[in-house]
Structure formats: structure tokens, C-alpha cells
Amino acid sequence: MFIKDYISKDYPAFNHTDSIEVASEIATEFGYSHVFIKKKGVYVGALSQSFLEESPEGTLGSLEIHYDRFAIPEDGNILDTVKIFHIFNSNVVPVITQTEKYLGYISCDDIFSEFSKYPLFSENGAILTVQSNNLYYSFTEIAKIVESNNAKMYGCYVSGINEDSILITLKISNDNLSSIDETFERYGYNVVNKHYGE
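Residues numbered from 1 in each chain as written. Predicted model: local features only at pLDDT ≥ 70, side-chain atom pairs only at ≥ 80, totals over all residues. Heavy atoms only, no water.

Enquirer: Explain the sheet that holds strand S7 (residues 126-132) here, please?
Expert: Strands pair in a sheet through their backbones, by hydrogen bonds, and they do so in one of two ways: parallel or antiparallel. One open sheet holds the four strands; their spatial order is S8-S9-S7-S10, and the pairing between them is antiparallel. Whereas interior strands pair on both sides, the edge strands pair on one side only; in this sheet they are strand S8 (153-161) and strand S10 (189-196). For this sheet, the mean inter-axis angle between neighbouring strands, taken without regard to orientation, is 20°. In this sheet, S10 lies alongside S7 in antiparallel orientation, the contact comprising seven bridges. Bridge pairing in S10 places Gln131 opposite Asn190. Sheet strands touched by helix H6 (residues 139-148): S8, strand S9 (166-172) and S10. Its angle to S8, the strand with the most contacts, is close to 135°. Together, S7, S9 and S10 form the strand contacts of helix H7 (residues 177-186), whose direction differs from that of S10 by roughly 160°. (Pairing = 2+ DSSP bridges. Helix = DSSP H or I, 4+ residues; strand = E, 2+ residues; numbered from the N terminus. Axes fitted to C-alpha atoms, helices over the stretch in contact; angles between N-to-C directions. Contact = heavy atoms within 4.5 Å.)

Quick look at the structure:
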């Protein structure tokens, strides 16, 4: 799950002296949302491909005040990239060293490909969302509820928090689902959503 294991190197970081037109053409060719810019070998920022299409002719350096500053360090993990993809509406994130040297990139496709291998996504099963009406909850207790009903848990995560409740989504095997629902309710959890997959 560490970034260094997923770095791709076929998409270049452009020098700030490179032309806007060339960078835009290469971004379009690769199908990526952003181009990455370096100055004297150091990563300095990114520009969206759509912004480049609307920009006048010139060098990437002439657009420096518009650079988005986002990247993931080489010792980061792939979960950190999901937030970056969302915040910057990007399908590609640059990977940099501690000295901010551009090493390569990681794309949304890389992340989806990796996540698709996890049982949370690859196994068939039921998806339940349970609510606890206070901020007390225990993953140990949740796993115990599932496993005491002879089912398997494939994954579990906090899917929502507000002032007085928390939502927890889990994927479990399709065994004994009605007794699992009843047990959750007996332990003070409300089953607010359920989908029984094949």
C-alpha cells in the first residue's frame, strides 16, 4: 500500500520553460487531468489540462501564479491519494522525494486496480450500514456481532460522523443476515441501510 510500490514513470514533469501547447498536447495524449512542472529539477506545481487549453501561447512558467501545489511523498500510502484526487479534481498525482524531486506519478486507475483486489471490493456479500446514536463504537464489538452469527467480515469503515451519531459501513458474507440485524439492534446499533448482494 505504499506509494513507492506503484510509481509510474512514463509521464514527464515539464520544465517551466516548456511551451504550454506541447504540455497540453501530451496531457491530452495520456488522458491525464494535470501536467506537472519542475524548475531546476524541483517540482513546483501542477496545472489542469483544461486550464492549459484556455491559456495563451507561452511557457508554463508564465502561468506560475496559477499552479496548484499538490503531490504525494514517495513514503506515503495509497489511501492518502484518494483525498488528493478529490480535492484537486485530478486523475493523476505526482510523487516526489523529501527534497521535492519529481519521481513519477500515480493515477486513479492504479488506485482502483489495487483496491479491486481487496476482499472489501472483490468478494460477494452483503453491505450493511449501522448507526450508533452516540460516538461510542467498537470495531471489536462489530466484528464479534458478525462472527458470533457465523458470518465473515470482509471490511469495515466509518462512513459518516456528526455531533451525536456515527455511521459504520461493513461488508460481510451473506450468512445469517436476519440474525445479524437482530444482534446489532440488541447491542444498540440501528441498521440504517442494507444491501444483500449475490
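Alright, that's what it looks like, and here's the rest.
Enquirer: What's the story with a negative patch on the surface in this structure? I'm lost.
Expert: On the surface, a cluster of negative charge is made up of Glu21, Glu25, Glu29 and Glu57. Positionally, Glu25 belongs in helix H1 (residues 20-30). (Patch = residues over 30% accessible without salt bridge, like charges linked within 9 Å, V, L, I, M, F, W, Y side chains within 5 Å. Areas by Shrake-Rupley, 256 points an atom, 1.4 Å probe, with all protein chains shown as cover. Salt bridge = Lys/Arg side-chain N within 4 Å of Asp/Glu carboxyl O. Lys, Arg positive; Asp, Glu negative; His and termini not counted. Charge placed at Lys NZ, Arg CZ, Asp CG, Glu CD.)

Enquirer: Mind showing me how you'd approach the environment of Ser62 here?
Expert: With respect to the secondary-structure elements, Ser62 resides in the loop between helix H2 (49-54) and strand S4 (72-73). Along the sequence, Ser62 and Ala23 sit 39 residues apart, while their C-alpha atoms lie 13 Å from each other. Only 2.6 Å separates the side chain of Ser62 from the backbone oxygen of Thr59, close enough to count as a polar contact. (Polar contact = N/O pair within 3.5 Å; in protein donor to acceptor, adjacent residues only side chain to side chain.)

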